[in-house]
Amino acid sequence: MLTVTNLTKRFGGFTALNEVSFEVNEGEILGLIGPNGSGKTTAFNCISGALRPSSGSITFQGREIAGLTPDAVCHLGIARTFQIPRPFRKLSIVENVAVAAHYGAAERTGEAEARRRAAKILDLVGLPADPEASPMLLGAGGLKKLELARALATGPRLLLADESLGGLDPAEMAGAAEMLKRVRRELEVTIVWVEHIMATLMRIVDRVVVLDHGEKIAEGAPREVAEDPRVVEAYLGEKIVLA
Ligand SMILES: Nc1ncnc2c1ncn2[C@@H]1O[C@H](COP(=O)(O)OP(=O)(O)O)[C@@H](O)[C@H]1O
Ligand SMILES: [Mg+2]
């Protein structure tokens, strides 16, 4: 579905991504992991059009998308979440999601249809707060779910989720992992998931790609990758415990 080939991103003299290549298969949940600063968010920024790659190719469903603007990428069917949610403060929770449904979808919807879709997505991500309330009343976990709902409301074929479960406690985390699986099933969306909480991520993903200092150092099934010496070293010997 998505093919990233020799993706390189430099910021001045600093290389944040160095010739990174990987594929995302339709229907899978791919985990993208790596220590802080390894280039995960930069990869999402390049794919989603927030940053222009220095070099390399990104094809989505056979079409080159490197260098397209974020709105064009979104309309082609790729949505991303941001690590730090920034909802429209003066809109309600449901309005925040309806805006995404209205402007982010390939075809514009009317307001009533956008609201209807927004309500359905809020239900799917399990955001139980009053949809007419202000997003400013949400805690960290609620804001992450709202961020996810806004991305999903655009009707993506591919979701790039950047630390979408950060700020959740362990119990919420387990529920949220199930929620992501439900999202994949009901919306038939392929997911690339960046997450720090390794035990949860490894239980859910089909495959993992590991970045370190802007380079891909491993790729494969969760169990293989967790035992890979280069991966263990990148995480400074911290053992990745699989449940
Ligand atoms: N816009 C930017 N300008 C300069 N350096 C950046 C920019 N964005 C990211 N970086 C640097 O690139 C590296 C990778 O960052 P990032 O992709 O955010 O890592 P991760 O998401 O894996 O923690 C870091 O060293 C970061 O400081
Ligand atoms: Mg990041």
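Residues numbered from 1 in each chain as written. Chains lettered and ligands numbered in written order. Predicted model: local features only at pLDDT ≥ 70, side-chain atom pairs only at ≥ 80, totals over all residues.

**Focus on the overall build of the protein chain**
Quick reminder of the rule: The helix and strand labels rest on DSSP assignments: H or I over at least four residues marks a helix, E over at least two residues marks a strand, and numbering proceeds from the N terminus. Using C-alpha atoms as the atom set, the radius of gyration is obtained and then compared with a globule rule of 2.2 Å times the number of residues to the power 0.38. Here contacts are defined at the residue level, using C-beta atoms placed from the backbone and a cut-off of 7 Å between them.
Within the protein chain one finds nine helices and 10 strands. Relative to the 2.2 N^0.38 estimate, which gives 18 Å for 243 residues, the radius of gyration of the protein chain is 18 Å and therefore close to what a compact globule would have. Counting only contacts in the protein chain whose residues sit at least 6 apart along the sequence, the fraction spanning at least 24 positions is 64%.

**Here's the deal with the sheet that holds strand β4 (residues 55–60)**
Paired through their backbone hydrogen bonds, the strands of a sheet run either parallel or antiparallel. Applied cut-off: Here, any two strands with at least 2 DSSP bridges between them count as paired.
Sheet architecture is open: four strands sit in the order β2-β1-β4-β5, paired in antiparallel fashion. Among the strands making up the open sheet, the edge pair consists of β2 (14–24) and β5 (63–64). Two elements, β4 and β5, share two bridges in a ladder whose sense is antiparallel. Note that in β5 the partner of Phe60 across the bridge is Arg63.

**Considerations on the nonpolar core**
The tendency in soluble globular proteins is for nonpolar side chains to be buried side by side. Going by this rule: Buried Ala, Val, Leu, Ile, Met, Phe, Trp, Tyr and Cys residues form a nonpolar core when they are connected through C-beta atoms within 7 Å. Burial in this document is a count-based property: other C-beta atoms within 10 Å of a residue's C-beta are tallied, and the residue is buried at 20 or more, exposed at 12 or fewer, or partly exposed in between, with C-beta positions derived from the backbone. Boundaries between domains were set according to an automatic or database domain assignment.
Core analysis: the largest hydrophobic core is formed by 68 residues, its most contacted members being Val97, Ala149 and Trp193. Sort the elements by how many residues they give to this core and helix α3 (residues 93–104) lands first, with six residues. Looking at this core, you find at least three residues from each of domain 1 (1–77 + 158–243) and domain 2 (88–155).

**Structural notes on the packing of α3 against helix α5 (residues 140–152)**
Applied cut-off: Axis geometry follows a simple rule: fit a line to the C-alpha atoms, using only the stretch in contact for helices, then measure angles between N-to-C directions, giving values from 0 to 180 degrees. Put simply, angles under 35 degrees are roughly parallel, angles over 145 are roughly antiparallel, angles from 65 to 115 are roughly perpendicular, and the rest are oblique. By the definition used in this description, the sense in which the near helix is turned from the far one sets the handedness, with an anticlockwise turn below a right angle giving left-handed and a clockwise turn giving right-handed.
Running from N to C, α3 and α5 point in directions that differ by 30 degrees, and their axes come no closer than 7 Å. As the angle between them shows, α3 and α5 are arranged roughly parallel. You can see that α3 and α5 cross each other, and the crossing is right-handed. Facing Ile93, Asn96, Val97 and Ala100 of α3, the residues of α5 in contact are Leu146, Ala149 and Arg150.

**Looking at the site of ligand 1**
The test is simple: We call a residue near a molecule or strand when its C-beta atom, built from the backbone, sits within 6 Å of it.
Close contacts around ligand 1 come from Phe11, Ala16, Gly34, Asn36, Gly37, Ser38, Gly39, Lys40, Thr41 and Thr42, and that covers them all. Among the elements that take part in the shell around ligand 1, helix α1 (residues 40–48) stands out by supplying three residues, more than any other.

**Here we look at the domain arrangement of the protein chain**
Defined as follows: Side-chain classes follow a simple rule in which Ala, Val, Leu, Ile, Met, Phe, Trp, Tyr, Cys and Pro form the nonpolar group, Asp, Glu, Lys and Arg form the charged group, and the remainder, Gly included, forms the polar group.
Domain annotation of the protein chain identifies domain 1 (1–77 + 158–243) and domain 2 (88–155). Each of domain 1 and domain 2 has a C-alpha centre, and the two are 24 Å apart. With 15 residues of domain 1 in contact, the opposing surface of domain 2 contributes 13 residues. Those elements that provide at least two residues to the side of domain 1 that touches domain 2 are α2 (70–76), β7 (158–162) and α6 (170–187). Here the residues of the side of domain 1 that touches domain 2 sort into eight nonpolar, four polar and three charged.

**Observations concerning the pairing of β2**
As paired elements, strand β1 (residues 2–11) and β2 share seven bridges and run antiparallel to each other. Looking across to β2, one finds that Leu2 is bridged to Val24. Hairpin connection, β1 to β2: the antiparallel pair is bridged by two residues, and Gly12 has positive phi, about 60 degrees.

**Observations concerning α3**
The following threshold applies: Working rule for helices: expected span equals 1.5 Å times residues minus one.
The end-to-end C-alpha distance of α3 is 16 Å, a good match for the 16 Å that 12 residues give at a rise of 1.5 Å each. Judged by how many residues are buried, α3 sits mostly within the fold: 10 of 12 residues are covered. Residues Ile93, Val94, Glu95, Asn96, Val97, Ala98, Ala100, Ala101, His102 and Gly104 constitute the buried set of α3. On the buried face of α3, the contacting elements are α2, β6 (78–80), α4 (111–125) and α5.

**Examining unusual backbone geometry**
Residue Gln61 is not a glycine yet carries a positive backbone phi of 50 degrees. Inspection of the secondary structure puts Gln61 in the loop between β4 and β5.

**Things to note about the environment of Leu159**
Residue placement: Leu159 occurs in strand β7. On the neighbour-count criterion, Leu159 (25 C-beta atoms within 10 Å) is buried. Not counting the four nearest positions on each side in its chain, Leu159 is found in contact with Ala79, Ala151, Leu152, Val189 and Ile191.

**Thoughts on the packing of α3 against α4**
Axis separation between α3 and α4 bottoms out at 8 Å; the angle between their running directions is 115 degrees. Relative to α4, α3 is oriented so that their crossing is right-handed. Facing α3, whose interface residues are Ile93, Val94, Val97, Ala98, Ala101 and His102, α4 presents Ala114, Arg115, Arg117, Ala118, Ala119, Ile121 and Leu122. Split into classes, the residues belonging to the contact of α3 with α4 amount to 10 nonpolar, one polar and two charged.

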